[in-house]
Amino acid sequence: MTKVDTVTVADVEALRAPLTGYCYRLLGAAADTDDAVQETIIRASTRLGTFDPRRARLTTWVHRIATNICLDMLRSAARRALPVDLSPGSAGAAAFDAPLPAERFVEPMPDARVVEATDPGQVVERRETVRLAYIAALQHLTPRQRAVLVLRDVLGFSAAETAVILQVTTAAANSALQRARAGLAAAAPQPAEITDPADPAQQQLVQAFIAAFEGHDVESMIQVLHADAVQTMPPLAWQVAGGAQIAHMICTSDACARDRMLPIAINGSIGVGQYRPDETGVLRPFALVLLESTGGKVTEMVTFLGTEGRFAEFGLPHVLEPSAAGR
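What counts, and at which threshold
Note that residues are indexed from 1 along each chain, following the sequence as it is written. Since the coordinates come from a predicted model, pLDDT governs what is reported: local features require at least 70, and pairs of side-chain atoms require 80 or more to be given and counted, while whole-chain, interface and lining totals use all residues. Side-chain numbers here rest on the full set of heavy atoms in the structure, without hydrogens or water. The buried label applies to any residue whose accessible area, calculated with a 1.4 Å probe on protein chains only, is under 20% of its type's maximum; exposed applies above 50%, and partly exposed to all values in between. Helix numbers and strand numbers start at the N terminus; a helix is a DSSP run of H or I with at least 4 residues, a strand a run of E with at least 2. At least two DSSP bridges between two strands are required for those strands to pair. A helix is expected to span 1.5 Å multiplied by its residue count minus one. Nonpolar cores are built from buried Ala, Val, Leu, Ile, Met, Phe, Trp, Tyr and Cys residues. Side-chain atoms within 4.5 Å join them into one set. We call two residues in contact when some of their heavy atoms are within 4.5 Å. Axis definition: a line fit to C-alpha positions, over the contact stretch in the case of helices; interaxial angles, taken between N-to-C directions, run 0 to 180 degrees. Cavities and pockets were defined on a 1 Å grid built from protein atoms only: a cavity is a group of points that admits a 1.4 Å probe but offers it no way out, a pocket is an open group of points flanked by protein on both sides within 12 Å along at least five of seven lines, and a lining residue is one with an atom within 4 Å of any such point. Grid points are joined across faces, edges and corners, and a volume is the space filled by probe spheres set on the points. Charged residues are taken to be Asp, Glu, Lys and Arg, nonpolar residues to be Ala, Val, Leu, Ile, Met, Phe, Trp, Tyr, Cys and Pro, and polar residues to be all remaining types, Gly included. Any two of the Phe, Tyr and Trp rings considered here, Trp counted by its six-membered ring, make a pair once their centres fall within 6.5 Å; the pair's planes then place it as stacked at under 30 degrees, edge-to-face at over 60, or tilted in between. Should the NZ of a Lys or the CZ of an Arg lie within 6 Å of a ring centre and within 35 degrees of the ring normal, that charge is described as sitting over the ring.

Another aspect to go through is the pairing of strand S4 (residues 269–277). For S4, the tally of buried residues reaches 8 of 9 residues, placing the bulk of the element in the interior. Judged from the 7 bridges that link them, strand S3 (residues 260–266) and S4 form a sheet pairing that is antiparallel. Looking across to S4, one finds that Ile266 is bridged to Ser269. Counting the residues between successive antiparallel strands, the hairpin from S3 to S4 contains 2 residues, one of them, Asn267, with a positive phi of roughly 50 degrees. Judged from the 8 bridges that link them, S4 and strand S5 (residues 283–294) form a sheet pairing that is antiparallel. Note on S5: the bridge partner recorded for Ile270 is Leu291. Between S4 and S5, which follow one another and run antiparallel, lie 5 residues, and Gly281 among them has a positive phi close to 95 degrees.

On to helix H11 (residues 143–154). The end-to-end C-alpha separation of H11 is 15 Å, in line with the 16 Å expected for 12 residues at 1.5 Å each. Along H11, the residues that are buried comprise Gln145, Arg146, Ala147, Val148, Leu149, Val150, Leu151 and Val154. In the segment just after H11, Gly156 is the residue with positive phi, at about 80 degrees.

This part is about the nonpolar core. Residues Tyr22, Cys23, Trp61, Leu138, Leu149 and Leu316 are the most contacted members of the largest nonpolar core, which totals 68 residues. The element that contributes the greatest number of residues to this core is helix H5 (residues 58–74), accounting for 8 residues. Those residues in contact with Leu316, other than ones at most four positions away along the chain, are Leu262, Pro263, Ile264, Gly273, Tyr275, Leu288 and Phe311.

With that settled, the discussion passes to the sheet that holds S3. Where strands meet in a sheet, backbone hydrogen bonds hold them as pairs that are either parallel or antiparallel. On the basis of which strands lie adjacent, the open sheet formed by 6 strands has the order S2-S1-S6-S5-S4-S3 and mixed pairing. Edge strands, defined here as strands with exactly one partner in the open sheet, are strand S2 (236–241) and S3. Mean inter-strand twist for the sheet, computed between neighbouring axes without regard to direction, equals 20 degrees. Both strand S1 (residues 225–233) and S2 contribute to a ladder of 4 bridges, which runs antiparallel. Looking across to S2, one finds that Val230 is bridged to Ala241. The sheet contacts of helix H14 (residues 200–214) involve S1, S3, S4, S5 and strand S6 (297–305), and relative to S3 the element is tilted by about 155 degrees. Helix-sheet contacts for helix H16 (residues 243–252) involve S1, S2 and S6, and the interaxial angle to S1 is about 55 degrees.

Mapped onto the elements, Val230 comes out in strand S1. On the basis of relative accessible area, Val230 is assigned to the buried category, the value being 18%. Counting along the chain gives 11 residues from Val230 to Ala241, while the straight-line C-alpha distance between them is 4.4 Å. In contact with Val230, not counting residues within four places along its chain, are Val84, Gln239, Val240, Ala241, Ile246, Thr299, Glu300 and Met301.

So, about the layout of surface pockets. Which parts of space are left empty comes out when a probe the size of a water molecule is rolled across the atoms. There is about 310 Å³ of room inside the largest pocket. For the largest pocket, the full set of lining residues is Arg43, Arg47, Thr50, Phe51, Asp52, Arg55, Ala56, Trp61, Arg64, Ile65, Asn68 and Val164. Sorting elements by how many residues they give to the lining of the largest pocket places H5 first, with 4 residues. For the lining of the largest pocket, the residue count by class is 5 nonpolar, 2 polar and 5 charged.

Bringing the packing of aromatic side chains into the picture now. All chains considered together, the criterion is met by 3 aromatic pairs. On the numbers, 5.3 Å between centres and 50 degrees between planes, the contact of Phe51 with Trp61 is tilted. Of the two residues, Phe51 is situated in the loop between helix H4 (30–46) and H5 and Trp61 in helix H5; the sequence distance between them amounts to 10 residues. Residue Phe51 is classed as buried on the basis of its relative accessible area of 2%. Measuring from centroid to centroid gives 6.5 Å for Phe209 and Phe213, while their planes differ by 15 degrees, and the two rings are stacked. Here Phe213 and Phe209 lie together in helix H14, a separation of 4 residues that amounts to about one turn. The residues Phe209 and Phe213 share a single accessibility class, namely buried. The ring of Phe286 has Arg276 lying over it, and the distance from NZ or CZ to the ring centre is 3.8 Å.

Here is the structure:
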């Protein structure tokens, strides 16, 4: 039996989910992640004849291919950042006139695609490493440092396996890991509670947010939002600070008067898919909204404009029946 017979294309395809989580942590962009994963699957599938199980596990061999693809993509890429770090301190009319390029922001991803662990304890750790703040902090590292940190500290590859993937010595891989850990600590990702979107308390919070939003209830929204909450709306270079200010804005806006929402799990956090009626009154996708929380209150609201084409990724319907809103 040949090596090609023992490892099949199906075995490679089975690695799509962990590859998606890996590439997203390195690239911080949804479309780039999909491109990198698909190219990895194609290259690995067409090169199965060169795979030698005596030299490395299949997952190690495939992650080496994925790493090379991601590093190539990152050579000319600008560093992505959190929307709040690229927005002015307060909302202004000028911000609406000059949206920043989409490649400047870390893009959202559904938990189902990037939290690929099955062990409950591991799921908590993986959820933390897809938070927007963590992905943005990784952007401060060099591409190779990002790779070594994710491979070792997130995915659990050994030093020897990481050296094979990066095509360096084990000593060099260990040295790169030390620099990467120091760089991540210096970037200081914003602290936040590690929450489970499926936790009843989190579900209650997102439902309270939806009820206040759809009911245009300013006082209830103020209770949902932290006093120091911040709202951003990428790719607009815009932000509003203060729970009361945000509550008044979103609950009294004519533009949002007939909008409806459904809950989602997004980047290790709770969130909603926001629907807006078209000219015929049909509720259609408008934007994905991420809600970071601490102490049972929403501390950050990120409305990702231009994401109406991605609702299916988050398990959301293309058209929302009015009776389904808020569920």
